[in-house]
Amino acid sequence: MITSRDVARLAGVSQPTVSRALRGDQRVSEATRERVQRAADALNYVPSETGRSLSTRMTKRIGVVVTDLTNPFYPHLIGPLHDELEQHGYRMMLFTERSETAVASQRLLDRSIDGVVLATATVGSRLPDDLQRRELPFVFLNREAGGQPADAAVVDNELGGRLVARQLAELGHHDIAHIGGPADTTTGRDREMGFRLGLSEAGIGLPEDAVRRGPFDFDTGYRALTELLAGPTRPTAVFCGNDVIAIGAFNAARAHGVRIPDDLALIGFDDIPMAAWEAFDLTTVHYDLAELAQEAARLLVQRIDDPDDEPRRTLFTPELVLRGTHAAR
């Protein structure tokens, strides 16, 4: 079996230098790294992850918790997240259990990973506290859990909701409804809060019977809009908590003969690639999904390198993308 000592002899360096060069240690010169890599390639040598973990006490693995991978939103985060972590020398492990509790108790806290990305945290979740007690670095991506400060890469969801409210008010809408996400998520809570505040500033109310909440999925949008259309006061505009909900509502409108945007203005949130499809041409709230994921990866790597640093929270500013599903009343 080829070992790192064989690579060292062929490259003309010490065995520790081989180890440092192959894990990208900045103390090794570029010329030496290239010489070591050429020797490793010539011998078909692949470093042992087990041996590396024992010597560095690091696994170079990052766990990513996503409890709702069926949502089209999350695959657009996973790719950029994977690529950014790879640039820093980490492998990504995806944890897709249905609940954070199951993840925490079974797999995250066994020290098989160096850090965790929490992409589907809920308000009041115990998992962040468990990770902090075990001193396992983590970062919030997209959602937060509340409680004590922690590293996070998130969007200014309240501002996004305000932008939608201002747009609908300027278009002359008054019979407005909201189909939001779960109340136990910061994304669902803060988008609705910003929307309510924005409408209030324009002198428009949002009665509770004009609000529906549910998972961030197609069925929520379809079911909720069907109910709203059957109510005593049909809305002329609906703000949906994310694009997937909006696409569900879009399909419900079509099924009931409601024309968008002539009869109903519809606005989403996130600007996932599907939103720009010609079939939907959805007006929505935009932010850079890829940069959001990459920033979360960078924050986590920094936390692993410097565990005693103060928590950092990167807040992304959203903007409204005007496409074809909004119109004046």
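- The chain goes by LacI family DNA-binding transcriptional regulator in an unreviewed UniProt entry, where it is assigned to Saccharopolyspora mangrovi.

What about the pairing of strand 4 (residues 138-141)?
Reasoning step 1: By the alternation rule, side chains of strand 4 split into Phe 138 and Phe 140 and Val 139 and Leu 141, which are all buried.
Reasoning step 2: Judged from the three bridges that link them, strand 3 (residues 115-118) and strand 4 form a sheet pairing that is parallel. The residue of strand 4 that forms the bridge with Val 117 is Val 139.
Reasoning step 3: Relative to strand 5 (residues 152-155), strand 4 runs parallel, the two being bridged by two bridges. Directly across from Phe 140, in strand 5, lies its bridge partner Ala 152.

Focus: unusual backbone geometry
Reasoning step 1: Residues Ile 260 and Pro 261 are joined by a peptide bond in cis, for which omega reads 5°.
Reasoning step 2: The phi dihedral of Glu 135 falls on the positive side, at around 60°, and the residue is not glycine.
Reasoning step 3: Structurally, Glu 135 can be placed in the loop between helix 7 (127-133) and strand 4.
Reasoning step 4: You will see that Asp 271, though not glycine, has its phi angle at about 55°, which is positive.
Reasoning step 5: Structurally, Asp 271 can be placed in the loop between strand 9 (265-267) and strand 10 (284-286).
Reasoning step 6: By relative accessible area, Asp 271 is classed as buried at 13%.

Here's the deal with the packing of helix 5 (residues 75-87) against helix 12 (residues 289-305)
The description of two packed helices rests on the angle between their axes and on the distance between the axes.
Reasoning step 1: Packing of helix 5 against helix 12 leaves a shortest axis separation of 8 Å and a crossing angle of 40°. The angle between helix 5 and helix 12 falls in the class oblique. The handedness of the crossing between helix 5 and helix 12 comes out as right-handed. Seen from helix 5, the contacting residues are His 76, Leu 77, Pro 80, Leu 81, Glu 84 and Leu 85; seen from helix 12, they are Leu 289, Ala 290, Leu 292, Ala 293, Gln 294, Ala 297, Arg 298 and Val 301.
Reasoning step 2: Counted by class, the contact of helix 5 with helix 12 contains 10 nonpolar, two polar and two charged residues.

Some points on the sheet that holds strand 5
Reasoning step 1: Across the sheet, which stays open at both edges, the six strands sit in the order 2-1-3-4-5-11 with parallel pairing between neighbours. A strand with exactly one partner marks an edge of an open sheet, and here the two such strands are strand 2 (91-95) and strand 11 (313-316). Pairwise comparison of adjacent strand axes, ignoring direction, gives a mean angle of 20° for this sheet.

Digging into the nonpolar core
Reasoning step 1: Core analysis: the largest hydrophobic core is formed by 68 residues, its most contacted members being Ile 179, Phe 195 and Leu 225.
Reasoning step 2: Broken down by element, this core gets its largest block of residues, nine residues, from helix 12.
Reasoning step 3: Residues in contact with Phe 195, not counting those within four places in the same chain, are Gly 161, Arg 162, Val 164, Ala 165, Leu 168, Ile 176, Ala 177, His 178, Leu 206 and Phe 239.
Reasoning step 4: Listed in part, the 16 residues of the second largest apolar core include Val 65, Ala 121, Leu 131 and Phe 140.

Thoughts on the sheet that holds strand 6 (residues 176-180)
Reasoning step 1: One open sheet holds the four strands; their spatial order is 7-6-8-9, and the pairing between them is parallel. Looking along the sheet, the strands with just one partner apiece sit at the ends: strand 7 (211-213) and strand 9. Direction aside, the axes of adjacent strands within the sheet are offset by 15° on average.
Reasoning step 2: The pairing of strand 8 (residues 237-240) with strand 9 spans three bridges and is classified as parallel. Bridge pairing links Phe 239 to Ile 267 in strand 9.
Reasoning step 3: Those strands touched by helix 10 (residues 218-229) are strand 6, strand 7 and strand 8, and its axis lies near 150° from that of strand 6.

The rules behind these values
Residues numbered from 1 in each chain as written. Predicted model: local features only at pLDDT ≥ 70, side-chain atom pairs only at ≥ 80, totals over all residues. Heavy atoms only, no water. Buried < 20%, exposed > 50% of the residue type's maximum accessible area, 1.4 Å probe, protein only. Helix = DSSP H or I, 4+ residues; strand = E, 2+ residues; numbered from the N terminus. Pairing = 2+ DSSP bridges. Axes fitted to C-alpha atoms, helices over the stretch in contact; angles between N-to-C directions. Parallel < 35°, antiparallel > 145°, perpendicular 65-115°, else oblique. Left-handed = near helix turned anticlockwise from the far one by under 90°. Contact = heavy atoms within 4.5 Å. Nonpolar A, V, L, I, M, F, W, Y, C, P; charged D, E, K, R; others polar. Core = buried A, V, L, I, M, F, W, Y, C linked by side-chain atoms within 4.5 Å.

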